[in-house]
Amino acid sequence: MLAHYGLLILILISGIAYSISAKKLTVIAAITGAAVACFVFAGAGYTGISVMTTFFILGSAATSWQRHKKQSFTNKEEHKSGRTAGQVLANAGVGVIAGILVLLFPLYINLWVLMMAASFASATADTLSSELGTVYGRRFFNIITWKPDKRGLDGVVSLEGTLIGIGGSMIIAIVYAIGFGWSTTLISIIIAGTVGNLVDSVLGATLERRGYISNNAVNFLNTLIAALVMLLIYFI
């Protein structure tokens, strides 16, 4: 067991060093990410770490991809100095909660780990659909009114971005299945992640646009909804 945690520490140190040097995360965010990884590892082992790392890699790559094309319709401050600790917790906070639940109520470990995977599937879908949808989308609509709207605004979606988001959920589900076995839970993770992503857009078009909640709150809520959808599916 000590060997496992020793390897985890080496992985975390390497991840912190890379994230800071590559300006993917601020120093505090990198440390926060390491703490998050510990809870995820405690709950889901190396598969959990793999799921979280996959989200981080895909999200960072999507954010960097064609950045010059996004500058005219996205917030330039968003990625200026890397993700903050608040952004890390907004995307991975539900995963931390799931990890804690595993430690407190190990009898339901399968459920908690599935909810953790669903939350990361939603976070991945949201990030990929937002970042790549603005690049490859052709027609953009307000998710509430379904009227044409400006790309990059909160709650604006495209067919291309939505499909890319589903692809992101699929990747997380596959990583989960590689670690815990192939079953119908793979479909459940994709469904939960997609629902969470759509809820993100709904919240963006309503509460976030009106300034009632922040983007971090929207990100946390979409991952929480995904986890709750997984909870519902689990008991159906």
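Residues numbered from 1 in each chain as written. Predicted model: local features only at pLDDT ≥ 70, side-chain atom pairs only at ≥ 80, totals over all residues. Heavy atoms only, no water.

Examining the nonpolar core
In globular proteins that are soluble, nonpolar side chains generally tend to be buried together. One finds Val36, Phe120, Ile189 and Met230 to be the most contacted residues of the largest nonpolar core, which totals 40 residues. Taken together, the elements giving at least two residues each to this core come down to α2 (27-64), α4 (85-104), α5 (109-136), α6 (159-180), α7 (185-208) and α8 (215-235). The dominant element in this core, judged by the number of residues it contributes, is α5, at 11 residues. Not counting residues up to four positions away in its chain, the partners in contact with Val36 are Met52, Val88, Leu89, Ala92 and Val96. (Core = buried A, V, L, I, M, F, W, Y, C linked by side-chain atoms within 4.5 Å. Buried < 20%, exposed > 50% of the residue type's maximum accessible area, 1.4 Å probe, protein only. Helix = DSSP H or I, 4+ residues; strand = E, 2+ residues; numbered from the N terminus. Contact = heavy atoms within 4.5 Å.)

A short note on empty space enclosed by the protein
Inspection of the entire model under this criterion finds one cavity of 30 Å³ or more. Of the pockets and cavities examined, the largest cavity occupies roughly 40 Å³. Around the largest cavity, the lining residues are Ala44, Thr47, Gly48, Val51, Val113, Met116, Ala117, Phe120, Tyr176 and Phe180. For the lining of the largest cavity, the secondary-structure elements that each account for two or more residues are α2, α5 and α6. (1 Å grid on protein atoms, 1.4 Å probe; cavity = no way out; pocket = protein on both sides within 12 Å on 5 of 7 lines; lining within 4 Å. Points joined across faces, edges and corners; volume = space filled by probe spheres on them.)

Things to note about unusual backbone geometry
A positive phi angle, close to 60°, is found at Trp146, a residue other than glycine. Mapped onto the fold, Trp146 is located in the loop between β1 (141-142) and β2 (156-157). Using a relative accessible area of 56% as the deciding quantity, one classes Trp146 as exposed.

Spatial relationships are all this shows, so hold off on functional conclusions.
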